[in-house]
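Notes for the structure review
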Amino acid sequence: MARSFALGQLAQTGYWAGSFAAQMFTMAHAFVLYLRLTLIPTGLTVDHLIPIARALDAGTLACFALLAGLLAAVVPVWRRSPRAGFGLLLFFAALASVS
């Protein structure tokens, strides 16, 4: 945070997708891909090439809706089964460092 305030940026380079919006749109697609790979591990490779999503299209909205639904489900799932709720939180925590 201090670096952001002092230098006006968090890193020495800009957003790899070109802009903040494109970065968030692309990461929504990446999170859904990682979720699919967690549940159905087919097509595993070392490096997944995710195309940059530059517009808020139907696919991107579906990705955001799925992720929002999963985040909204954390509290009810946690109350019913703390281990499953922790698993959902762990999924998002593990991916937070790469977003």
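Attention here is on the structure that accompanies the text. (Residues numbered from 1 in each chain as written. Predicted model: local features only at pLDDT ≥ 70, side-chain atom pairs only at ≥ 80, totals over all residues. Heavy atoms only, no water.)

Here's the deal with the side chain of Thr 60
By the secondary structure assignment, Thr 60 is in helix H3 (residues 58–80). Side-chain polar atoms of Thr 60 contact the side chain of Asp 57, separated by 2.6 Å. With residues near it in sequence (within four places) discarded, Thr 60 still touches Phe 25, His 29, Ala 53 and Ala 55. (Helix = DSSP H or I, 4+ residues; strand = E, 2+ residues; numbered from the N terminus. Polar contact = N/O pair within 3.5 Å; in protein donor to acceptor, adjacent residues only side chain to side chain. Contact = heavy atoms within 4.5 Å.)

A short note on the packing of aromatic side chains
Given two aromatic rings, one states the distance between the centres and the angle between the planes to describe the pair. For the structure shown, the criterion picks out three aromatic pairs. Ring geometry for Phe 31 and Phe 92: centres 6.4 Å apart, planes at 40°, overall tilted. Separated by 61 residues along the polypeptide, Phe 31 in helix H2 (residues 20–39) and Phe 92 in helix H4 (residues 82–96) bring together distant segments of the chain. Accessibility classification places Phe 31 together with Phe 92 in one group, the buried group. When the ring of Phe 91 is compared with that of Phe 92, the centres are 5.3 Å apart and the planes differ by 75°; the resulting orientation is edge-to-face. On the basis of relative accessibility, which here comes to 15%, the residue Phe 91 falls in the buried class. Note on Phe 92: relative accessible area 13%, which makes it buried. Through pairs of rings, three or more aromatic residues link up here, namely Phe 31, Phe 91 and Phe 92. (Phe/Tyr/Trp six-rings, centres within 6.5 Å; stacked < 30°, edge-to-face > 60°. Buried < 20%, exposed > 50% of the residue type's maximum accessible area, 1.4 Å probe, protein only.)

A closer look at a nonpolar patch on the surface
On the surface, Tyr 15, Phe 20, Met 24, Leu 56, Leu 61 and Phe 64 cluster together into a nonpolar patch covering about 580 Å² of accessible area. Looking at where Phe 64 falls in the secondary structure, it is placed in helix H3. Accessibility expressed as a relative area gives 32% for Phe 64, which makes it partly exposed. (Patch = residues over 30% accessible without salt bridge, like charges linked within 9 Å, V, L, I, M, F, W, Y side chains within 5 Å. Areas by Shrake-Rupley, 256 points an atom, 1.4 Å probe, with all protein chains shown as cover. Salt bridge = Lys/Arg side-chain N within 4 Å of Asp/Glu carboxyl O.)

Side note on the environment of Gln 23
Along the polypeptide, Gln 23 turns up in helix H2. Expressed as a C-alpha distance, the spacing of Gln 23 and Ala 53, which sit 30 residues apart in the sequence, is 7.8 Å.

A look at the nonpolar core
If you look at the biggest cluster of nonpolar residues, it comprises 14 residues, and the most contacted ones within it are Phe 31, Leu 67, Leu 70, Phe 91 and Phe 92. For this core, the elements supplying multiple residues, two or more each, are H2, H3 and H4. Per-element accounting of this core gives the leading share, six residues, to H2. (Core = buried A, V, L, I, M, F, W, Y, C linked by side-chain atoms within 4.5 Å.)

Quick word on H3
The first and last C-alpha atoms of H3 sit 32 Å apart over 23 residues, in line with the 33 Å expected at 1.5 Å per residue. Of all the bends in H3, the greatest reaches close to 40° and is centred on Val 74; the proline Pro 76 follows between one and four positions later. Burial in H3 covers these residues: Thr 60, Cys 63, Leu 67, Leu 70 and Val 74. The secondary structure elements touched by the buried residues of H3 are H2 and H4. (Expected span 1.5 Å × (residues − 1). Bend = angle between axes of the 7 residues up to and from the residue.)

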